[in-house]
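Notes for the structure review
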Amino acid sequence: MTSEGTNAGPDTGTAQAAVVRRLREGMARSVLSFPLTSFRDDGSLDPDGYRAYVAQRLAAAPGALFPACGTGEFFSLDEDEYRQVVTIAVEESGGRVPVVAGTGYGWAQALRFARVAEEAGADALLVMPHYLTAAPQEGLVAQVEWIAAGTRLPLVAYQRGQVSYTAESVRRLARVPGVIGLKDGHGDLDRLQRMVLAVPEDFLFFNGAATAEVQARAYAAVGVPAYSSAVHAFAPEIANAFLAALHAGDLGTVDKLLRDFYVPLVELRDRVPGYAVSLVKAAARLRGCPVGPVRAPLTDPSAADLAELKTLLATGLDLVGAAL
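A count of helices and strands for the chain gives 12 helices and 7 strands. Considering only C-alpha atoms, the chain reaches an extent of 55 × 45 × 35 Å along its principal axes. Among the 324 residues that make up the chain, the fraction classed as buried is 54%. Relative to all contacts within the chain whose residues are 6 or more apart in sequence, the contacts with residues 24 or more apart total 74%. Looking at the chain as shown, the accessible area adds up to about 13100 Å², and 54% of this sits on carbon and sulfur atoms. One way to put it: in the chain the 29 positive side-chain charges average out to a point 2 Å from where the 36 negative ones average out.

Below, the structure is given as structure tokens:
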């Protein structure tokens, strides 16, 4: 590995510490936003629609912006589209919140995307689960080590699907220069508690479950109060009201939103593989957001599911005093 594009350099540590500080502040203040990627009806990227959509997300005051990640259909973007998506997110953010771009596949491909993200001005990277194959802990750690060694941007590792770290592996990751945190998508709170206790206090953790609010109180109980919110992608009024109630200890409001909106949303989401993205995108379209359809292999919701989603969305918005 050459020194070009690596995380070596006299100012790297200072810059990464600043990113950690800004992320920590954002995570304490608000939810983490994972914007959808806008496509036209023919499947091509819609940069103007995406710019308008990102501006809408930023107006809803997220703690950080995570473009081109799972909700943003990273897996369907080529490098030029990825560059446009990350660049627009950085430009629209204007430094107001940290921008953490997705990267992934094998480590070689991940580094290609990482270098594009560096050039686009991203603050950090979220390392998506690698492609297809199961791997031992040694290999999972090595994957992140190789990516960290090849970029100046700090990394947040993401465990989901076939990527599942042990507490000892997370301890090792926390010692890797440039690795600053972990997004958890498994919900194994026993294991997560061990991870939190195994690493320094400045290591970042956040809840990355598909509908994170449903498990927010449980995650907070093991020391992980921050979370990403798919609902922020289409109804920030609901996402922000839930977080405000949670922070205020207003458990009556929390339970009502869970019972009447979030749990039914999860039940609808779980009907069809891929609805964790395509249902979110459909809800955003119902709100008039310029996001367009999903790309294959995802499919847009059926007419019946879309009608049910519309009713549920109207219910959720009414609960927080907003309208469809």
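Here the narrative resumes.
This brings us to the pairing of strand 5 (residues 155–159). Along a regular strand, successive side chains alternate from one face of the sheet to the other. Of all 5 residues in strand 5, 5 are buried, a share of seventy percent or more. In strand 5, alternate side chains face the same way, and those of Leu 155, Ala 157 and Gln 159 on one face and Val 156 and Tyr 158 on the other are all buried. Judged from the 3 bridges that link them, strand 4 (residues 124–127) and strand 5 form a sheet pairing that is parallel. Each bridged residue has a counterpart across the sheet, and for Leu 125 the counterpart in strand 5 is Leu 155. Assessed by its sense of winding, the connection that carries the chain from strand 4 through helix 5 (residues 137–149) to strand 5 is right-handed. Sheet analysis places strand 5 next to strand 6 (residues 179–184), joined by 5 bridges and oriented parallel.

In this section: the pattern of salt bridges. For the structure on display, the rule yields 19 salt bridges. The partner of Arg 269 in a salt bridge is Asp 270, with the nearest N and O atoms 2.9 Å apart. Each of Arg 51, Glu 91 and Glu 92 takes part in one network of salt bridges that share partners.

Two descriptors summarise a pair of aromatic rings, namely the distance from one centre to the other and the angle between the planes of the rings. Scanning the model with the defined rule gives 11 aromatic pairs in all. Relative to Phe 113, the ring of Phe 74 lies with its centre 5.1 Å away and its plane at 65°, an arrangement referred to as edge-to-face. Residue Phe 74 is located in the loop between strand 2 (64–65) and helix 3 (79–93), and its partner Phe 113 is located in helix 4 (residues 107–120); the two are separated by 39 residues in the primary sequence. We note that Phe 74, like Phe 113, is buried. Centre to centre, the rings of Trp 107 and Trp 146 are 4.6 Å apart; their planes meet at 25°, and the pair counts as stacked. A residue pair is termed long-range when its members are at least 10 positions apart, and Trp 107 in helix 4 and Trp 146 in helix 5 qualify at 39 residues. A relative accessible area of 39% places Trp 146 in the partly exposed class. Linked through ring pairs, Phe 74, Tyr 82, Tyr 105 and Phe 113 together constitute an aromatic cluster.

Let's shift gears to the layout of surface pockets. By volume, the largest pocket amounts to about 830 Å³. Lining the largest pocket are 29 residues; nearest its centre among them are Gly 70, Phe 75, Met 128, Tyr 158 and Arg 160. Taken as a whole, the second largest pocket encloses approximately 320 Å³ of empty space. Residue lining of the second largest pocket: 20 residues in total, with Met 27, Phe 205, Gly 223, Pro 225 and Ala 226 positioned closest to the centre. Of all the secondary-structure elements, those providing two or more residues to the lining of the second largest pocket are helix 1 (12–29), strand 7 (204–207) and helix 9 (236–248). The element that contributes the greatest number of residues to the lining of the second largest pocket is helix 1, accounting for 3 residues. Within the lining of the second largest pocket, the residues separate by chemical class into 15 nonpolar, 3 polar and 2 charged.

To continue, consider the environment of Arg 57. Positionally, Arg 57 belongs in helix 2 (residues 47–59). Through-space distance from the C-alpha of Arg 57 to that of Pro 35 is 7.3 Å; in sequence the pair is 22 residues apart. Excluding anything up to four places from it in sequence, Arg 57 contacts Ser 33, Pro 35, Pro 62, Leu 65, His 232, Ala 233, Phe 234, Pro 236 and Cys 289. A distance of 3.3 Å separates the side chain of Arg 57 from the side chain of Gln 56, its partner in a polar contact.

A word on the pairing of strand 4. Along strand 4, one buried face is formed by Ala 124 and Leu 126 and the opposite face, lined by Leu 125 and Val 127, is buried too. For strand 3 (residues 100–103) and strand 4, the ladder comprises 4 bridges, and the chain directions are parallel. Each bridged residue has a counterpart across the sheet, and for Thr 103 the counterpart in strand 4 is Val 127. Viewed along the sheet, the connection from strand 3 through helix 4 into strand 4 turns out right-handed.

Turning next to the sheet that holds strand 3. Ordered by their spatial adjacency, 5 strands build an open sheet running 3-4-5-6-7, and the pairing between neighbours is parallel. Both outer strands of the open sheet, strand 3 and strand 7, are each paired with one neighbouring strand and no more. Strand-to-strand twist in this sheet, taken as the mean axis angle between neighbours without regard to direction, amounts to 25°. In the packing of helix 7 (residues 189–198) onto the sheet, contacts are made with strand 5, strand 6 and strand 7, and the angle to strand 7 comes to roughly 160°.

Conventions used here
- Residues numbered from 1 in each chain as written.
- Predicted model: local features only at pLDDT ≥ 70, side-chain atom pairs only at ≥ 80, totals over all residues.
- Heavy atoms only, no water.
- Helix = DSSP H or I, 4+ residues; strand = E, 2+ residues; numbered from the N terminus.
- Buried < 20%, exposed > 50% of the residue type's maximum accessible area, 1.4 Å probe, protein only.
- Contact = heavy atoms within 4.5 Å.
- Areas by Shrake-Rupley, 256 points an atom, 1.4 Å probe, with all protein chains shown as cover.
- Lys, Arg positive; Asp, Glu negative; His and termini not counted.
- Charge placed at Lys NZ, Arg CZ, Asp CG, Glu CD.
- Pairing = 2+ DSSP bridges.
- Right-handed = clockwise from strand over helix to strand, strands pointing away.
- Salt bridge = Lys/Arg side-chain N within 4 Å of Asp/Glu carboxyl O.
- Phe/Tyr/Trp six-rings, centres within 6.5 Å; stacked < 30°, edge-to-face > 60°.
- 1 Å grid on protein atoms, 1.4 Å probe; cavity = no way out; pocket = protein on both sides within 12 Å on 5 of 7 lines; lining within 4 Å.
- Points joined across faces, edges and corners; volume = space filled by probe spheres on them.
- Nonpolar A, V, L, I, M, F, W, Y, C, P; charged D, E, K, R; others polar.
- Polar contact = N/O pair within 3.5 Å; in protein donor to acceptor, adjacent residues only side chain to side chain.
- Axes fitted to C-alpha atoms, helices over the stretch in contact; angles between N-to-C directions.

All we've got here are geometric facts, nothing functional implied.
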